[in-house]
Every structure is written in structure tokens, then in C-alpha cells.
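# Observations on the model geometry
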Amino acid sequence: MGRTFAVIAEMRGNQVRQVTWEALGAVAQMAKVEDRVIVLVIGHAIGKAADALSLPGIHAIVVADSDRYQYYEAETYFAAARTFVDREKPDVVLLGHTAMGRDLAPMLASHLQSGQISDVTSIEAYEDGFAFHRPIYAGKAFETKRFTRASRCWVLTVRPNIFPPGGKAGALLPASAAVPERRYLPAPSPTLRSIVREVATKMSGSIDLTKAKIIVSGGRGVKSADGFKPLRQLALVLNGAVGASRGACDAGYCDYALQIGQTGKVVTPEVYFACGISGSIQHLAGINQSRVIVAINTDPEAPIFQVADYGIVGDLFEIVPLLTAEFRKLLS
Ligand code: FAD
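Residues numbered from 1 in each chain as written. Predicted model: local features only at pLDDT ≥ 70, side-chain atom pairs only at ≥ 80, totals over all residues. Heavy atoms only, no water.

The next subject is the overall build of the protein. The secondary structure content of the protein amounts to 9 helices and 17 strands. Taking the principal axes of the C-alpha coordinates as reference, the protein spans close to 65 × 50 × 40 Å. Per-residue burial over the protein gives 48% buried out of 332 residues. Here the protein displays about 16200 Å² of accessible surface, and carbon together with sulfur accounts for 52% of that area. Mean positive and mean negative side-chain charge positions of the protein (35 and 31 charges, respectively) differ by 3 Å. (Helix = DSSP H or I, 4+ residues; strand = E, 2+ residues; numbered from the N terminus. Buried < 20%, exposed > 50% of the residue type's maximum accessible area, 1.4 Å probe, protein only. Areas by Shrake-Rupley, 256 points an atom, 1.4 Å probe, with all protein chains shown as cover. Lys, Arg positive; Asp, Glu negative; His and termini not counted. Charge placed at Lys NZ, Arg CZ, Asp CG, Glu CD.)

Structure follows, in C-alpha cells:
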């Protein structure tokens, strides 16, 4: 008999978030033709999202649609997810390693009395199962973990922007071309105590840092809020986003919405410019999956140079405008 893989989808408004497609991509790396793939969609007015997920290879879409699910809230979402796993009895549950996934996954693992492996960045076939790789110590090292045979169910969270998307946008899931069955969960119990009325979202700029292909980040070395101006110019020319270290945020030079690192955003751009950033382990935790790192720093001993692909020892206020001018010429 095959296994059942369950993906708990994540919404942004009523759109399916990219990390959900990536979780399906992770399923595609593990599922065989005889396995079943089911998706739980929780939210409000999410019919279109459920339609978008109705793809060949997915066997069932389970919809939990209620105004009480408009915003993520641990108690209500966990109640829906618990009903879902109790009914569907999955062998593997996958969520994005996002604020929601990090909150929900341990509750589900505890409910299922199963093991959990968080922040998975790659999957490898191992004996009759799989081994999962994940970064530890803020990205300084990697570990490989497996579930023991005693674990009834595997709960996994997958790091965003790592797995190629599965389903519509990429690698197809194995199995049938049939239209997935649609099932519905009952409305949340009125006895649930918490209600989220509103969520205030703050944008870090016009380009989402977690999706940006190019990021120009500033650290304490920018010295003031105005010090970010040349960085914004470079980002504009390269159609990139502006990010920051916590040092720059703590100093009040920019908003915390820009913070990258262990306690900020994890980014995976093609090119990451670190300007006036020393390269603390906590900052590197957020950038270590960048394809190319360019560091600009006055201190040749700055730790950022140990991870940088290109290093420029110099004053960012001289170097960044020169780079901007050169890129402008090249790209015009
Ligand atoms: P600094 O370390 O002060 O470095 C400034 C750099 O600028 C120096 O290397 C200097 O040589 C260079 N510089 C100065 N002037 C110029 C110039 N004109 N041109 C070029 N270079 C110049 N940090 C994060 O970034 N993200 C996190 O998510 C995060 N989470 C944390 C979580 C915990 C629990 C803790 C304890 C810390 C965390 N930190 C985080 C903080 C982290 O430890 C560092 O303090 C912080 O990253 C330092 O920021 P910085 O590199 O901008 O500043």
C-alpha cells in the first residue's frame, strides 16, 4: 500500500503562497505512483486557491473555509489541521518553514506523537526511506536526520525558496490525471477562544525581499538613514531590493521590515551585496543560500570576506556609486 503525503497550504490573501508549491515539489521528490497526495487549504473565500491546487497528481483537496480562518491564528488553524490529520491519517505532513509552519508543525507533531524535522533544505533517498538535510547553528553547519521506524507520521517543514515548485509551476507529481476530489471541513467550533480581527502588514519595499533576485543590503557601516541612499540607487538600477543587517535596524537607520538574518528574513537571491556589514553568524544565517555574495567593507579582516565570492575592500560611499554608474552604463 502506498503512503499518504499531506501538504498544509499557506495563503497570502486568497492566493496560494509560493512555499506551498515548493512543499509539493518536495513531495514530488519522495512520492511514488502508488502514493496519495492531499492538500489542506485553510482560509476565507479560498475557492479559487482550491481550484489552482486542483491538479493532476493531487488526489484530494480538503477545504476549511470560514471568516474565522481569514488570518492565521494558532488555536483555530490547529483545530482545522488536527481534524484534517485525524480524518486523512497521513504518513507525511509538510508545511512551509514560515511563521505559520513553525507554529503549527510542532503542535501537529505533538498531536500525532510523531517526530518533526524542521527547515529541510534537501532530501536524499536512504535505504527504504529518506534522509533530510537541514542547516544548524545559524547555517554554520548542516545535519542529516532521519525518522525512526517508531515515528507514526513524519512532520516536515521545508525552507522557502529551495525546492523547485511542484504541481502547476514545475515538476509534476506522479500518479493519476484525474481531477482531485474536493472535501470540506466543518466550520470552526464557536467555543474557540481567540479571534484575529486584523493583521497590519508592513512592506519592506516594492520588491519582496524573500523573492528578490538581487539584494543590496546595508549594515552599521552606512552610518545613518541617509547612508542607505546610494544603496537604493544601486538597487534601482539593478531592479533589486534593499535589505539590512540588524545592526543597521537597531541603530535606527532603517525599518526592521528590512532585517535579514536569523531573526529576520531568510533570502535566496542570485546576487547579494553586503555593504558595511561585518558578517556575523546571525546575519549569514539569512544569506547563506545566496548564489553570489559581494562584500564591500573597509576592514579587510571582516568575517563577511570569508563567505563572499567577490570582496571589495573600501569605503562603501565611494564603491557603491561607482558600481551604480558602471551597471547603469552596462544596462542602458
Ligand atoms: P557591525 O558588526 O558593526 O559591522 C559594521 C561593518 O561596517 C564593519 O565590518 C565595518 O568595517 C564596516 N564599515 C564601517 N564603515 C564602512 C564604510 N564606510 N564602508 C564599508 N564598510 C564600512 N544580525 C543580523 O544582521 N540579522 C539577524 O537576524 C540577527 N539576529 C540576531 C539574533 C540574536 C539572538 C543575536 C544575539 C544577534 C543577532 N544579530 C542579527 C546581530 C548580529 O550579532 C550583529 O550584531 C549584527 O549583524 C551586526 O550588524 P552589522 O554587520 O551591520 O554591524
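Summed over all chains, the structure comprises 6 aromatic pairs. An angle of 70° between the planes, with centres 4.9 Å apart, marks the rings of Tyr72 and Tyr77 as edge-to-face. Tyr77 gets classed as buried once you look at its relative accessible area, which sits at 5%. Each ring, one from Phe147 and one from Trp154, has its centre 5.0 Å from the other, and the planes form 10°; the classification is stacked. Residue Phe147 shares its accessibility class with Trp154, and that shared class is buried. Here a set of aromatic residues connected by ring pairs shows up, and it is made of Tyr69, Tyr72 and Tyr77. (Phe/Tyr/Trp six-rings, centres within 6.5 Å; stacked < 30°, edge-to-face > 60°.)

All right, on to the packing of helix H5 (residues 229-237) against helix H9 (residues 316-331) then. Taken N-terminus to C-terminus, the directions of H5 and H9 make an angle of 20°; their axes are 9 Å apart at the nearest point. It follows from the interaxial angle that H5 and H9 lie roughly parallel. H5 and H9 meet at a crossing whose hand is left-handed. Contacts between H5 and H9 pair Pro230, Leu231, Gln233, Leu234 and Val237 from the former with Leu316, Phe317, Val320, Pro321, Leu323, Thr324, Phe327, Arg328 and Leu331 from the latter. Per-class residue counts for the contact of H5 with H9 are 11 nonpolar, 2 polar and 1 charged. (Axes fitted to C-alpha atoms, helices over the stretch in contact; angles between N-to-C directions. Parallel < 35°, antiparallel > 145°, perpendicular 65-115°, else oblique. Left-handed = near helix turned anticlockwise from the far one by under 90°. Contact = heavy atoms within 4.5 Å. Nonpolar A, V, L, I, M, F, W, Y, C, P; charged D, E, K, R; others polar.)

What follows covers the sheet that holds strand S16 (residues 292-297). Spatially, the 5 strands line up as an open sheet ordered S14-S13-S15-S16-S17, and their pairing is parallel. The open sheet has two edge strands, strand S14 (241-244) and strand S17 (310-313), and neither has a second partner. In this sheet, adjacent strand axes meet at a mean angle of 20° when their direction is disregarded. Sheet strands touched by H5: strand S13 (214-218), S14 and strand S15 (271-275). Its angle to S13, the strand with the most contacts, is close to 175°. (Pairing = 2+ DSSP bridges.)

Attention now moves to the sheet that holds strand S4 (residues 36-43). Pairing within the open sheet is parallel, and its 7 strands lie in the order S7-S11-S6-S1-S4-S5-S12. The open sheet terminates on both sides in strands that have one partner only, identified here as strand S7 (115-120) and strand S12 (181-184). When strand polarity is set aside, the average angle formed by the axes of neighbouring strands in this sheet is 20°. Pairing analysis gives 4 bridges linking strand S5 (residues 60-65) to S12, with the strands arranged parallel. From the neighbouring strand, Val62 faces S12, where its bridge partner is Arg183. Where helix H1 (residues 18-28) meets the sheet, it contacts strand S1 (4-8), S4, strand S6 (92-96) and strand S11 (154-158), and its direction lies at approximately 165° from that of S1. Packed on one face of the sheet, helix H3 (residues 74-88) meets S1, S4, S5, S6 and S12 and runs near 160° to S4.

Bear in mind that shape data such as this cannot, by itself, settle questions of function.
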